[in-house]
Each structure stands twice: as structure tokens, then as C-alpha cells.
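Spelled out, the chains give:
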Amino acid sequence: MTTQLNDFSLDFFSLAGKVAMVTGGNTGLGQGYAVALAKAGADLFVVTHDDNWNETRELIEQEGRRVEFFQADLTNREAIKNVVTVCKEAYGHIDILVNNAGTIRRAPLLEYKQEDWDAVMEINLNAVYFLSQEVAKVMVEQKSGKIINIASMLSYQGGKFVPPYTASKHAVAGVTKSFANELAEYGLQINAIAPGYVATANTAPIRADEQRNKEILSRIPAARWASPADLMGAVVFLSSRASDYMNGHILAVDGGWLAR
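Just so it is clear, the model here is predicted, and its values are computed rather than measured. Position numbers for residues start from 1 in each chain and track the written sequence from start to end. Under the rules for a predicted model, residues below a pLDDT of 70 receive no local features and side-chain atom pairs below 80 are neither given nor counted, while totals for whole chains, interfaces and linings still include all residues. Heavy atoms throughout the structure, all of them, feed into the side-chain values; hydrogens and water do not.

Colleague: I would appreciate a short explanation of the nonpolar core in the present structure.
Modeller: For our purposes a nonpolar core is just a set of buried Ala, Val, Leu, Ile, Met, Phe, Trp, Tyr and Cys residues, chained together by side-chain atoms within 4.5 Å. Accessible area is worked out with a 1.4 Å probe on protein chains only. A residue is then buried under 20% of its type maximum, exposed over 50%, and partly exposed in between. If you look at the biggest cluster of nonpolar residues, it comprises 32 residues, and the most contacted ones within it are Tyr-33, Leu-37, Leu-44, Ile-60, Val-98, Ile-193 and Val-235. For helices the rule is a DSSP run of H or I covering at least 4 residues; for strands it is a run of E covering at least 2, with both sets numbered from the N terminus onward. Elements with a minimum of two residues in this core: strand S1 (19-23), helix H1 (28-39), strand S2 (43-48), strand S3 (67-71), strand S4 (96-99), strand S5 (145-150) and helix H8 (232-239). Counting 31 residues, the second largest nonpolar core, distinct from the first, contains Val-84, Ile-147, Ala-180 and Leu-183.

Here it is as C-alpha cells:
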């Protein structure tokens, strides 16, 4: 349905009545995404690999929103199906999926081990694909839904010492576009956020490297690392009615990194 100019209001950004599934939503960027969605009115289903979720629970519940946590191994196909079943049983519907869970392992290319390659690709790409596929089945029945993948600056560039991470994030961008092409006719939008350099546990090693940290900051026009809070607006936008005509898009939130 085409939106007319006088139809638009800030209610387009409201997520009241929506259910959002966020993977890796108990720390770092994932926690920021989950809290942002709660602040916009959504109830949460947070999937984690551990049970360290007390802080995230408190942050969401203080927004007056319901949250359910579920511990699962997203490298297991049956576990992925179970995640979707449990969420659907708990809430009755799934309106938003944020594929945030990811991992990174650093080593020089000539020394990189196959087991490290496999581990990174399994969580960063395969889990994204198979969970999106299962959630999309629910959303197609509903004839509505938003899937938001988490890409990276390394969806555009090569990086160093992280070959599988780079490969997986290029692939996430491609999967985003592929899903968008096939699922738009059912009323779904599939987009991705490509964060710039964010101060999280994953980036602690390179922030601790004085030379590397200086190199990175010198290229960011904003002249600082992002915080998870800098990504909160983007996830609400892509989850809301305000982004209904966006599909297959990779939204960079990078302090100007790509423009340099």
C-alpha cells in the first residue's frame, strides 16, 4: 500500500505490539540492539550461547517490555528450528529478527587453521542463513516481517588477519540481497547494518594496539570509535514501518569510514 504524505507520523517508528528476536543479545552490540527495540515498544526474545543475561533483562524490563531468554547453539540446525518453535510458542508471532551473533578469530593468512575458518563461517554465515530461513517461514505466513543482518566494514573491504570473517561478512551482504529479492512479494523486508569500528570486547585487541588504534582513528572522520548506542537508531529504523520501502540494503553506520 502506498503511503501518502499526510499519513506519515512518528508512529511509523513505533514497535508497539511487535516481537523481536535478537541473537547474541546479551552483550555489546547485541545488547544495544535489544534495548533499542524495547525502548521503541517491542517485546524481546533473546538468543544467547550462555546464561549471562541479568543485566540485559534489567535494561529491557525497566522499559516495561517483556523479555524471554533462550540458550542455544546456533551452529546446530535442530537447535535453530527449536529456537523458532519456542519463540513462536512464547509470543505467537515473530515480527523482527536481528542476526547479531558472530565471532572473529585473528591470525596471519599463511598460518590460519581450518578449524578456525570453519568455526567463524559456521556462526557468522551458516547460522544467519538457516535461522533466517526458519524465521522467514513464519513471516511469510504472517505476510509481514523484518530481518536485519549484521554486516561489517569488511563486507566492503579485505581487512588483515581475519580471512573467514571477511568472507562471511561479504556473504552476509549477498544473502541479505538474495533473501530480499525472493521475499519482498510476501511483505518482508531484509536489510543489513554495517557497523564501523565499535568499542566492544571483540575489538579490544586492536584498540589495545597503539599503532593500529591510531591508524584506525586517523581514517574515521568522526575521529572516535563508535559505541553500541550509536547503532540503536539504525536498528529501530530498519525494524519499523518507516523502512517499509527499503529492501536488500546495507546501511553503513561508520562515522564516515567508507567516505574517506
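Colleague: Honestly, the pairing of S2 in this entry has me stumped. Any pointers?
Modeller: A regular strand places its side chains so that they alternate between the two faces of the sheet. Here S2 lies mainly inside the structure; six of its six residues are buried. Here S2 shows a buried face lined by Asp-43, Phe-45 and Val-47 and a second buried face lined by Leu-44, Val-46 and Thr-48. Two elements, S1 and S2, share five bridges in a ladder whose sense is parallel. Considered in S2, the bridge of Ala-20 is made with Leu-44. Seen with the strands pointing away from the viewer, any crossover whose path from the first strand over the helix to the second strand runs clockwise is right-handed. Between the parallel elements S1 and S2, the chain passes through H1 in a crossover that is right-handed. Examined bridge by bridge, S2 and S3 share five bridges and lie parallel to one another. Bridge pairing in S3 links Val-47 to Phe-70. Traced from S2 through helix H2 (residues 54-61) to S3, the parallel crossover comes out right-handed. DSSP calls a pair of strands paired once it identifies at least 2 bridges connecting them.

Colleague: So what exactly am I meant to see when it comes to the packing of aromatic side chains here?
Modeller: Both the distance between ring centres and the angle between the ring planes are used here to describe each pair of aromatic rings. Whether two aromatic rings pair depends on their centres lying within 6.5 Å, for rings of Phe, Tyr and Trp, where Trp uses its six-membered ring; planes under 30 degrees apart make the pair stacked, over 60 edge-to-face, and the rest tilted. Using the criterion set out here, one finds nine aromatic pairs in the structure. Judged by centre distance (6.3 Å) and plane angle (90°), the rings of Phe-8 and Phe-13 are edge-to-face. Plain terms: the ring middles of Phe-13 and Phe-237 are 6.4 Å apart, the flat faces sit at 35° to each other, and that makes the pair tilted. On the criterion of sequence distance, the pair formed by Phe-13 in the segment before S1 and Phe-237 in helix H8 is long-range, its members being 224 residues apart. Look at Phe-13 and you get partly exposed, because its relative accessible area is 32%. Phe-237 sits in the partly exposed class, given a relative accessible area of 23%.

Colleague: Looking at this structure, I do not really get the sheet that holds S4. What am I missing?
Modeller: Across a sheet, strands are paired by hydrogen bonds formed along the backbone, either parallel or antiparallel in direction. Taking strand neighbours across the sheet as the criterion, the seven strands line up as S3-S2-S1-S4-S5-S6-S7 in an open arrangement whose pairing is parallel. The sheet is open, and its two borders are formed by S3 and strand S7 (250-253), each paired with just one other strand. Across the sheet, the mean angle separating the axes of adjacent strands is 20° when strand polarity is ignored. Here, two residues are considered to be in contact whenever any of their heavy atoms come within 4.5 Å of each other. Think of each axis as a best-fit line through the C-alpha atoms, taken over the contacting stretch in the case of a helix, with angles from 0 to 180 degrees between the N-to-C directions. Where helix H4 (residues 114-142) meets the sheet, its contacts fall on S1, S4, S5 and strand S6 (188-195), and the angle it forms with S4 comes to roughly 175°. Together, S5, S6 and S7 form the strand contacts of helix H5 (residues 163-183), whose direction differs from that of S6 by roughly 160°.

Colleague: Got a minute to help me understand the pairing of S1 in this structure?
Modeller: Counting buried residues in S1 gives five out of five residues, a clear majority hidden from the surface. Taking every second residue as pointing to the same face, both faces of S1 are buried, with Val-19, Met-21 and Thr-23 on one and Ala-20 and Val-22 on the other.

Colleague: Honestly, H8 in this entry has me stumped. Any pointers?
Modeller: Because each turn of an α-helix spans 3.6 residues, side chains separated by three or four positions in sequence point in the same direction. Counted residue by residue, H8 has six buried out of eight residues, so it is predominantly covered. Among all positions in H8, only Met-232, Ala-234, Val-235, Val-236, Leu-238 and Ser-239 are buried. In this structure, the buried residues of H8 make contact with H1, S4, S5, S6 and S7.

Colleague: Sorry if this is basic, but what is going on with the side chain of Thr-166 here?
Modeller: Along the chain, Thr-166 turns up in helix H5. The buried category is assigned to Thr-166, whose relative accessible area is 9%. Non-local contacts of Thr-166, meaning those with residues more than four positions away in its chain, are made with Leu-154, Gln-157 and Gly-158.

Colleague: How do you make sense of the pattern of salt bridges when you look at a structure like this?
Modeller: Any two side chains of opposite charge can pair, given that their charged atoms come close. Whenever Lys or Arg places a side-chain nitrogen within 4 Å of a carboxyl oxygen from Asp or Glu, that contact is recorded as a salt bridge. Taken as a whole and assessed by the stated rule, the structure comprises eleven salt bridges. Of the charged contacts, one joins Arg-57 and Glu-61 as a salt bridge, the two residues approaching to 3.6 Å between their closest N and O atoms. Taken together, the residues span about one helical turn, with Arg-57 and Glu-61 both in helix H2 at a distance of four residues. On the basis of relative accessible area, Glu-61 is assigned to the partly exposed category, the value being 40%.

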